[in-house]
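Reading the structure
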Amino acid sequence: MSEEDLNITIKVFRFDPSMDPKPRYDSFTIPYDEEETILGILKRIVRDHDPSLVFRESCRIGNCSLCSMKVNGKGVLACRKPMKDFGKMDLVIEPLHQDKVIRDLVCLME
Amino acid sequence: MSIEQIADKVIEKDVLVIGTEAAGGIAAIAASPSVDVLMVTKGVMGKSGVTIMAVATYSAPFADGDTPEATFRDMIIGGRFLNDQHLAEIFSREAAETVTELERYGVRWAKEKGRYLALAMPGHTYARGCYTLPIGTTGRQITRALVKEASHRNVQLLNDTFVTDILVKDGRAVGVTAIDLRSGEMLVIKAKCTILATGGGMEVYKGNCGAREATGDGYSMAYRLGLPLRDMEFVQYYPTVMIWPKRLFGQQTVTRLRYELNAQLLNFYGERFMTRYSPVHMEKSTRDIVARAIQMEVKEGRGTEHGGAYMDVSYLPRKVVDAAIARLYPGYDFGGVKMLEEGIDIREEPFEVAPGAHFFMGGIVADEWGEVGLPGLLACGEVVGGVHGANRLGGNALPEMSVFGMRAGRRAVEIARREKGFTEPEPAQVREIRDRRYAIFSRERGIRPREVREEIQQVMWDNLLALRDEGTIQNALRQIENIRCDKLPRLFLSDQTRNYNLEWLEALEAEAMLDVAEMIGRAALVRQESRGAHFRFDFPVEDNEHWLVNLIVRQEKDRMKIDRRPALLTKVGLDADDKNQRVND
């Protein structure tokens, strides 16, 4: 199987405290691209699957740390972390602090 | 109906600062604790905005023989004589003291035997570029120091708060309306003095090394109040940011290899193309010349695979590169990017770079205290135009934020103290803003805000980059007009929640971006010459006979109007010109 055919399942933490009784995980299927970053994946989900998903980003070059989140349980800067760093595994994307969620992957930062 | 019945929350503060990074943070610190100060940002202080991206230097005249006068002269020559010379002179005089002030807040400048170390930067006749270690951390250190200092001084802070409109009553700014992005609630913030420190508008370009937040909200707010803006056609491009691999897109620190390690620029065919554009200074030419050269190569089909040029130090002996890097970027760490760990060995291979929209020279017309012609409103930092004229020299951004941030902060204290109490905004104005800003929630279908944002960015990238001509500019203006009339009224939200609704923020920002895009386009169309960062294919020469003028953009009867105003060469005249900096060097 060529790499272009490989798909990865991305599970994303979703929670709107103003509406939802509790968090849930939504799954999206994304083609594997080893150079794609976590931030790139999230933008792709917003564009192709679910425009209501929210996350933080600012500098996009690893300076500001606003896009900090957890991928497979590990804290990462979403803008700097390429897919290849996780092998070809499925990914679980969660907010950095689940007790400080404003919505989805957006947390209180102060 | 009272304000309290229309807004969800009403706040009163002596001084309100919109924007929390270098300009806004310093203004707030300068005003506090003398008066009660509130800062608001649509992002998160210390983790948003463009200051943190300032990887390089902070110019101040400390070198032997250097003077404020020499700094001033360099700025005017670099700015191609369009600067507000009064502002530039103040900048030159006060930049040095802001270095020591920031040191008091905790910035650790690189020093040797008690003297600030400084790097030589293009366009500066002396080495003025103060920096922090490791190299590439200047902006980060400043933002951290400001967060700490502001908190020491009890400056209050509201993150995730987007200011939508400035409230005016009886010819005076009396506060703002804002949206608390976390809840979607509408705030009215009454203030005796409001300071706009919202930064630049680089995000209107697809390829930019600004930040997500740099949508030019402040330009748009000022424009909608009928205030004049100047020099909006001059957008600076960082000449050489990394464009590949994708995860390193936008890295700027590598640019310094041009002057620190004699990096060469090569096109697709391996030709050192700067010989054709700037045979004397080559890769060390000022950033506008280098940016334009790369763009021209790409446009003429000689670009690299991902649309740029190769930057190369691998022609140097490995030993030379290792030794220089060990001193400049120990561990091959370029401001947090460890090149070797990223699989990029610059000793072995070139890498791809291209220009990115980097800084707005233009902005609101303001005086040396940030007064903009509307009592109760001040502006400072990148949102103000004039200091840098048609082009900014490297390292001159951060001192501008400090010098004029401090001044605006001090002036705000005077203004706040003069005012007896708070002025009640006009309820009808607040009602109208609320209806307009929340109207999007009643639309059930239409166009997604992100699509429009990306369309604006693409139009600007394709047509109003470093290379412009009448055709591309007209094309951009047509598309901007089309987006404004046809698409903006049809924006809708795919999710009705008011809780951190990012699409709503994007819709609000899109309106500002369109204003900014149109200002750049209209001014660029009028200026039929090439000067500084503005280059026109159809008018490739700097024309001092006709174009020593500033273009003033203003809203008049709902239309954008452009006036020509002769540039005032009050102190430094054309006779100071240094041919080495000429456009077609």
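Let us look at the structure shown here. (Residues numbered from 1 in each chain as written. Chains lettered and ligands numbered in written order. Predicted model: local features only at pLDDT ≥ 70, side-chain atom pairs only at ≥ 80, totals over all residues.)

Brief notes about the nonpolar core
Across soluble globular proteins, nonpolar side chains show a tendency to be buried alongside one another. Residue and element names in this part refer to chain B. Selection criterion: Remark: nonpolar core denotes a set of buried Ala, Val, Leu, Ile, Met, Phe, Trp, Tyr and Cys residues whose joining runs through C-beta atoms within 7 Å. Here exposure depends only on C-beta density: within 10 Å of a residue's C-beta, 20 or more other C-beta atoms make it buried, 12 or fewer make it exposed, and intermediate numbers make it partly exposed, the C-beta atoms being placed from the backbone. Secondary structure elements follow DSSP: runs of H or I of four or more residues count as helices, runs of E of two or more count as strands, with numbering from the N terminus. Source of the domain bounds: an automatic or database domain assignment. Note that contacts rest on C-beta atoms placed from the backbone: two residues are in contact if these are within 7 Å.
Of all hydrophobic cores here, the largest spans 220 residues; its most connected members are Ala 27 and Ile 195. In terms of residue count, the dominant contributor to this core is helix α15 (residues 502-526) (15 residues). Formed jointly, this core draws a minimum of three residues from each of two domains, domain 1 (237-357) and domain 2 (427-581). For Ile 195, the residues in contact, after removing those within four places along its chain, are Val 15, Val 17, Ile 18, Gly 24, Ala 27, Gly 370, Leu 378, Ala 379, Cys 380, Ala 408 and Ala 412.

Some points on the interface of chain B and chain A
Rules: Residue polarity is assigned by list, with Asp, Glu, Lys and Arg as charged and Ala, Val, Leu, Ile, Met, Phe, Trp, Tyr, Cys and Pro as nonpolar; anything else, Gly included, falls into the polar class.
With 28 residues of chain B at the contact, the number on the chain A side is 29 residues. Across the side of chain B that touches chain A, the residue classes break down as eight nonpolar, nine polar and 11 charged.

Describing the pairing of strand β11 (residues 185-196) of chain B
All names here are of chain B. Put simply, the rule is: Between any two strands, pairing holds if DSSP finds at least two bridges.
For β11, a buried count of 11 out of 12 residues is recorded, marking the element as mostly surrounded by other parts of the structure. The pairing of strand β1 (residues 9-18) with β11 spans nine bridges and is classified as parallel. Looking across to β11, one finds that Ile 11 is bridged to Ile 189. Relative to β11, strand β10 (residues 172-180) is paired through six bridges, and the arrangement is antiparallel. Bridge pairing in β11 places Ile 179 opposite Met 186. Where β11 lies against strand β20 (residues 377-379), three bridges are found, and the strand directions are parallel. Paired with Thr 194 across the strands is Leu 377, a residue of β20.

Examining the packing of helix α6 (residues 217-224) of chain B against α15(B)
All names here are of chain B. The condition is simple: Here an angle of 0 to 180 degrees is reported between the N-to-C directions of two axes, which are lines fitted to C-alpha atoms, with helices fitted over the stretch in contact. What sets the label is the angle itself: under 35 degrees gives roughly parallel, over 145 gives roughly antiparallel, 65 to 115 gives roughly perpendicular, and the rest give oblique.
At a minimum axis distance of 8 Å, the contact between α6 and α15 shows a crossing angle of 80°. Regarding the angle of α6 to α15, the classification is roughly perpendicular. Between α6 and α15, the contacting residues are Asp 217, Tyr 219, Ser 220 and Tyr 223 on the first element and Glu 509, Glu 511, Ala 512, Asp 515, Val 516 and Met 519 on the second. Partitioned by chemical class, the residues of the contact of α6 with α15 number five nonpolar, one polar and four charged.

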